[in-house]
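Here is how the chains run, residue by residue.
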Amino acid sequence: MTPARPVRPADPATPGLHHVTLVARDALKTIEFYRDVLGLAVVKRTVNFDEPSSYHLYFGVDGGRPGTLLTFFEWPRVPRGGFGVGGVHHVALSVPDRTALLRWKRRLDDHHIHVRGPYDRGYFTSIYFVDPDGQILELATEGPGYAIDEPADRLGEQIVEPPLERLSGHRDEDAIAAEMHPEPVRQVDAEMAITGLHHVSGITDDIERADAFLTGTLGLRRVKRTLNQDDGRTAHWFWAAYDGREVAPASSFSLFHWPGSDYRARPGFGQTHHVAFRVPDRETQLAWRERILELGVPVTHVQERKYFRSIYFRMHDGMLLELATDGPGFDVDEPLDRLGSALQLPGWLEPRRAEIERSLRALP
Ligand SMILES: [Fe+2]
Ligand SMILES: [Fe+2]
């Protein structure tokens, strides 16, 4: 029999991440990196609906399945962004296993992209690098998961200290840096392909308050309380869509705790703009909006994003979150086998297509 566990009222609960939106300086460089190096598909070329003279590009897997999406606003004139309290530190994408990870390290190295790792994080193994704008990215293995150091049905209850050999200062950094797949990796094949988002990690100044917020607004559940393995003085907690038995893939969100820090995230290129979580449908979204308001959290009206519908709200530290519907999806305006092949505009911008196309640079 499963031991009794206090069930928290968390209905509705998000099934996981929907997309992450970042700010890019140059849409061409973004396509060359995310499509041509990382092997993600462009699933939509459109413009920022609130600022139609700039691109909004969507990358994803399986026709842009929620939980696989990275989207980019091209804002060439904003300053460089940076991580800090209220912002995202890094975005992690999922790969099948350690063999795939090592092949990625070789492929990125061959493209003159500096890679750190592979690091054994316990719950997964990871490599780290930055995109053309400086956003820190991680590729992480799907397993073994959070149940390696506490029972699968009691995740997040205790504070778990990582073993010493995983902490910075105790690792054999030279051996880690030297580990390299022997052959060049010119093609991204199915065995190594990125399968979607793995987790998003941000920074907060009040982790207890963040815990209550993520639980109350999103129905996420805490699945790990541990330390940052690269800075053992910093708490690192994880939340996810967790039913008390399993943690859903593409649902993890983690925060580093910087109590009292006034080192704030700076918006700009190379920094994440917001993190979106999934809501199954419109009706649930409306009910959810009421629930967030009842918690005293300001939330926007429903915004029509053509491929999904969105509401936005902020954590106490300023982190911008979104709840986006799973549908209608990216095939509302072009067939699945041609996603991302032509510029798509929402109906109200179609009359301005010629002017908008003139203001945008042609992309491959
Ligand atoms: Fe991470
Ligand atoms: Fe979004």
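Definitions and limits used
Residues numbered from 1 in each chain as written. Chains lettered and ligands numbered in written order. Predicted model: local features only at pLDDT ≥ 70, side-chain atom pairs only at ≥ 80, totals over all residues. Helix = DSSP H or I, 4+ residues; strand = E, 2+ residues; numbered from the N terminus. Buried ≥ 20, exposed ≤ 12 C-beta atoms within 10 Å, placed from the backbone. Contact = placed C-beta atoms within 7 Å. Pairing = 2+ DSSP bridges. Axes fitted to C-alpha atoms, helices over the stretch in contact; angles between N-to-C directions. Core = buried A, V, L, I, M, F, W, Y, C linked by C-beta atoms within 7 Å. Expected span 1.5 Å × (residues − 1).

Quick word on the overall build of the protein
Then step 1. A tally of regular secondary structure across the protein gives 6 helices and 16 strands.
Then step 2. Expressed as lengths along the three principal axes of its C-alpha atoms, the size of the protein is roughly 60 × 55 × 45 Å.
Then step 3. Relative to its full complement of 364 residues, the protein shows a buried share of 41%.
Then step 4. The contacts of the protein with a sequence gap of at least 6 include a subset with a gap of at least 24, amounting to 68%.

Brief notes about the sheet that holds strand 9 (residues 196-204)
Then step 1. Read from one edge to the other, the open sheet built from 8 strands follows the order 6-7-8-5-9-12-11-10, with strand pairing classed as mixed. If you trace the sheet from one side to the other, it starts and ends with strand 6 (116-120) and strand 10 (221-228), each paired once. In this sheet, adjacent strand axes meet at a mean angle of 25 degrees when their direction is disregarded.
Then step 2. Along the sheet face, helix 2 (residues 98-110) touches strand 5 (88-95), strand 6, strand 7 (125-130) and strand 8 (136-141) and points at about 20 degrees away from the line of strand 7.

Focus: helix 1 (residues 27-37)
Then step 1. For helix 1, the full list of buried residues reads A27, T30, I31, F33 and Y34.
Then step 2. On its buried face, helix 1 is in contact with strand 1 (17-24), strand 2 (41-48), strand 3 (51-60) and strand 4 (69-74).

A closer look at the sheet that holds strand 4
Then step 1. Ordered in space as 2-3-4-1-13-16-15-14, the 8 strands form an open sheet in which the pairing is mixed. Strand pairing shows two members of the sheet lacking a second neighbour, strand 2 and strand 14 (303-304), which therefore form its edges.
Then step 2. With 5 bridges joining them, strand 13 (residues 272-279) and strand 16 (residues 320-325) adopt parallel strand pairing. Bridge pairing in strand 16 links F277 to L323.
Then step 3. Sitting on the sheet, helix 1 is in contact with strand 1, strand 2, strand 3 and strand 4, with an inclination near 5 degrees to strand 3.

As for the nonpolar core
Then step 1. Judged by nonpolar contacts, the single largest core of 83 residues is most densely connected at F59, V223 and A240.
Then step 2. With residues near it in sequence (within four places) discarded, V223 still touches Y146, L155, G156, F238, W239, A240, Y242 and V247.

What to know about helix 2
Then step 1. End to end, helix 2 covers 18 Å across 13 residues, agreeing with the expected 18 Å (1.5 Å per residue, within 8%).
Then step 2. Listing the buried residues of helix 2 in full gives A100, L101, L102, W104, K105 and R107.
Then step 3. Contacts from the buried residues of helix 2 go to strand 5, strand 6, strand 7 and strand 8.
Then step 4. Just beyond helix 2, the residue with positive phi is H112, at close to 60 degrees.

Things to note about the pairing of strand 2
Then step 1. Bridge count for strand 2 against strand 3 is 7 bridges, and the pairing is antiparallel. Paired with A41 across the bridge in strand 3 is G60.
Then step 2. Hairpin connection, strand 2 to strand 3: the antiparallel pair is bridged by 2 residues.

Everything listed is a geometric property; what it means functionally is a separate question.
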